[in-house]
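Structure assessment
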Amino acid sequence: METGGSSESPAEPKKGKTKTPRKPKESLLKQKSPAEFFAENKNIAGFDNPGKCLYTTVRELVENSLDSAESISELPLVEVTIEEIRKSQFNSMIGLVDRERVDEELYDDYETAKAREKRLAKEARAQETQAKNATLGKKVKEPPVSKGMKGRGEASFYKVTCKDNGRGMPHDDIPNMFGRVLSGTKYGLKQTRGKFGLGAKMALIWSKMSTGLPIEISSSMRGQNYTSFCRLDIDIQRNIPHIHVHEKRDNMNQWHGAEIQIVIEGNWTTYRSKILHYMRQMAVITPYAQFLFKFVSDTPEKNATIRFSRRTDVMPPVPLETKHHPSSVDLLLIKRLIAETSKQNLLQFLQHEFVNIPKAYAERLIGEMGPEFNPKMPIKSLTSQQIVRIHQLFRQAKFDDPSGDCLSPAGEYNLRLGIIKELQPDMVATYSGSAQVFEGHPFIVEAGVSVGGKDVKQGLNIFRFANRIPLLFEQGADVVTRTALKRINWGSYKINHIQDRIGVFVSIVSTKIPFKGTGKEYIGDDITEISTAVKSAIQQCCIQLKSKIVKKMQAREQQERKRNLSKYIPDATGAVYDVLREMAQSHVSKKKRYDDEDAEVLSKVSARVITKETLREKLAQHVEQVDYEMALEYATQSGVTEEPREAIYIESLEAEKKFIDLHSPIFVFRLFTN
């Protein structure tokens, strides 16, 4: 029997639209120019935010000016002007017409009715609280000034101008010196102020990113009858200068130097103190330079003019370019030196491309390299394996340390003079160490420690310098800070580092400063040679200060002792005189007989020749005599008859006078010749 109905097949799933997986795009090989890389990673060069950008721009321009003047042995004269630019003024500079707002709600600083009501209610409550406090006689605080919300698009713009009396720049080189990243005159193994070799190029990149305005350069070299003027910006993608104007103009005043003008976005309010601290510390480490700083604003209260005067005309020597030490090179550097050398054979290459490898030692090194090496073999024929062998031997062999002749420290005299000029301390001690070495690079540490002074806070005030430029950021991790706080026993030098106002100045110069961090704002504490040298330099200053402090303490104790003795003179005089008067009365009534000498004194008392006033005068003279004898004995023992004077300034002299400078660690003796 056939059953009705057919067997049902299982329900089929509904057919939907199937998504085809996206194929990843083929990755294309792209390249970035150096300018494009630094534009995208501007924080590496110290351009983190608008305020830091303003600070770094000023710093780069000032350091370039100092290098330029020192390169021709000219006493630096640097003028820095920061001019605040209003929004309407900036818009006119870029050719943009101001427009009134049409749709208020589009803007970030728009305030809704509810938010306005809430703000007004809060202000009313604050005013009510102020009135109650005034009624109860409590101290009334000034109500906070109501500030409108600042939109994200409301940036602040500044025109930064830096003018110097330095070398100037060749006319044809100006575009590449400012408009091509990683091109310059300071590359090489020598002590330099810069950190990346970017200089004003990074300021130009920031200007292009924030304002789009070009940089303007005026320059003239000694003896030129024209001034080079150039207005340019930079093509970031191609890393080439985009020249707007490049021409020669008359130089009527025979001026030499450079004047750079750039408009950037910045923040003067938050970085004002940093910029002024930088200028002040630069005046400390370069007392032979004169700085004029101006801030110009439409608001008269903001305007400021600060002059840091020159206090000496003794300049440090110009840093010299040196050759690499064998222990400091790597494989890549050896290959580059081989490619660039003009020497023909291996012996000449080792002798002339490295320091501290004389001919005899070079022959010994070649003999140690193996049988496939010989002194006459062509240097260009070395294989990769042979170069690796040279590198290995450089790392294992023993070489003399490089000398510090190529370095140019500020000098103990200049450091001392700068501290006295800017801080005016009660006491100061300075020390300059000898050249030392880390990883094949020479370095010199100079230090100064001051006590007291103007604008110095209580406790330790640490001032750090690297290659004669101030370091203001990331102080906590720096080797100088950690050494001063943790490794110096200040109490053993009679210094109270908590209550006293102590200034600690440390300057490190080297062909390679071991900066840490991307911003290169501090020197690491992990290099034993540097931390030991810093500690030793600070201790040497403290030893000098200890002797001065002990002398002052002894002088203070002597004054206190004299004051105490003088305080008791009236009481002692009265007591002695009363006793003498009673004795005189007994002597007159013949109740008691005295010797001839005593009887004579008592007779004078009776005759009023000796009175209380004469006794007081004699005791005061005795105290003065004892005080003088003790001071004379102390001076004889210590060999010091007068406290040395600190403020010794040498003023600038006319150029036509001929003289010879004889340098000492703490003074310069100038001998004039006819």
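Calculation criteria
All residue numbers refer to positions counted from 1 along the written sequence of the respective chain. Confidence filtering applies because this is a predicted model: local features only for residues at pLDDT of at least 70, side-chain atom pairs given and counted only at 80 or more, and all residues used for totals across whole chains, interfaces and linings. Note: side-chain values were computed over all heavy atoms of the structure, leaving out hydrogens and water. UniProt positions are given in the numbering used here, feature names are shortened, and annotations may be inferred rather than shown by experiment. A helix here means a DSSP run of H or I that spans at least four residues, while a strand means a run of E at least two residues long, and both kinds are numbered starting from the N terminus. We call two residues in contact whenever any of their non-hydrogen atoms come within 4.5 Å of each other. Areas reported as accessible are Shrake-Rupley estimates using a 1.4 Å probe. Residue values count occlusion only from the protein chains shown. Axis lines are fitted to C-alpha atoms, over the contacting stretch for helices. Their N-to-C directions set the angle, which ranges from 0 to 180 degrees. By definition in this entry, angles of less than 35 degrees are roughly parallel, angles greater than 145 are roughly antiparallel, angles of 65 to 115 are roughly perpendicular, and the rest are oblique. Crossing handedness: left-handed means the near helix sits turned counterclockwise from the far one by under a right angle, and right-handed means the same turn made clockwise. Here, a salt bridge means any side-chain nitrogen of Lys or Arg that lies within 4 Å of a carboxyl oxygen of Asp or Glu. Only protein chains enter the accessibility calculation, which uses a 1.4 Å probe; a residue whose area is less than 20% of its type maximum is buried, one above 50% is exposed, and one in between is partly exposed. DSSP-based pairing: two strands are paired if at least 2 bridges between them are found. Directions are taken from the helix axis to each C-beta atom, and the arc is the one they span.

An unreviewed UniProt entry annotates the chain as DNA topoisomerase 6 subunit B originating from Carya illinoinensis. Per its UniProt entry, the chain bears the Sequence similarities (unreviewed entry) comment "Belongs to the TOP6B family."

**Focus: the overall build of the chain**
Tallying secondary structure elements over the chain gives 17 helices and 18 strands in all. Relative to all contacts within the chain whose residues are 6 or more apart in sequence, the contacts with residues 24 or more apart total 74%. Carbon and sulfur atoms make up 50% of the accessible area of the chain, which amounts to about 39,700 Å² in all.

**Digging into the packing of helix α2 (residues 50-70) against helix α7 (residues 268-285)**
Relative to each other, α2 and α7 sit at 20 degrees, their axes nearing to 8 Å. Taken as axis vectors, α2 and α7 run roughly parallel relative to one another. Classified by chirality, the crossing of α7 by α2 is right-handed. Contacts between α2 and α7 involve Gly51, Lys52, Leu54, Tyr55, Val58, Arg59, Val62, Glu63 and Leu66 from the former and Trp268, Thr270, Tyr271, Lys274, Ile275, Tyr278, Met279 and Met282 from the latter.

**Details of the environment of Ser33**
Along the chain, Ser33 falls in the segment before α1 (34-40). Note: C-alpha distance between Ser33 and Asp235 (202 residues apart in sequence) is 9.9 Å. Setting aside its immediate chain neighbours within four residues, Ser33 contacts Ile236, Gln237, Arg238 and Asn239.

**Considerations on the pattern of salt bridges**
On inspection of all chains with the given rule, the structure shows 19 salt bridges. When the shortest N-O distance is used, the salt bridge between Arg59 and Glu521 registers 3.8 Å. With Arg59 in helix α2 and Glu521 in the loop between β15 (515-516) and β16 (522-523), this residue pair connects regions lying 462 residues apart in the sequence. The residues Arg59 and Glu521 share a single accessibility class, namely buried. Where Asp526 meets Lys516, a salt bridge forms, and the shortest distance between an N and an O atom there is 3.0 Å. Here Lys516 lies in strand β15 and Asp526 lies in the loop between β16 and α14 (528-567), a separation of 10 residues in the sequence. One salt-bridge network, held together by shared partners, links Arg59, Glu60, Glu63 and Glu521.

**Things to note about the sheet that holds strand β8 (residues 304-308)**
Strand order in the open sheet made by the eight strands is β5-β4-β3-β6-β2-β1-β7-β8, with mixed pairing throughout. Either end of the sheet is taken by a strand with one partner, and the two such strands are β5 (240-250) and β8. Here the strands of the sheet are splayed against their neighbours by 15 degrees on average, with no regard to which way each runs. Pairing between strand β2 (residues 156-163) and strand β6 (residues 257-266): eight bridges, direction antiparallel. Within β6, the position partnered with Val160 by the bridge is Ile262. Packing against the sheet, helix α6 (residues 200-210) makes contact with β2, β3 (215-220), β4 (226-235) and β6, and its axis sits at approximately 40 degrees to β6.

**Here we look at the pairing of strand β7 (residues 290-296)**
Most of β7 sits out of view: five of its seven residues are buried. Two elements, β7 and β8, share five bridges in a ladder whose sense is antiparallel. Paired with Phe295 across the strands is Ala304, a residue of β8.

**What about helix α10 (residues 359-369)?**
Two residues of an α-helix separated by three or four positions point the same way, owing to the 3.6 residues in each turn. Within α10, burial applies to Ala362, Leu365, Ile366 and Met369. All buried residues of α10 project into a common sector of 100 degrees when viewed along the axis, lining one side. Exposed residues pointing more than 90 degrees away from the buried face of α10 are listed as Ala360, Arg364, Gly367 and Glu368. Tucked inside the fold, the buried residues of α10 contact α9 (346-353) and α11 (384-396). Gly370 sits one or two residues past α10 and shows a positive phi near 135 degrees.

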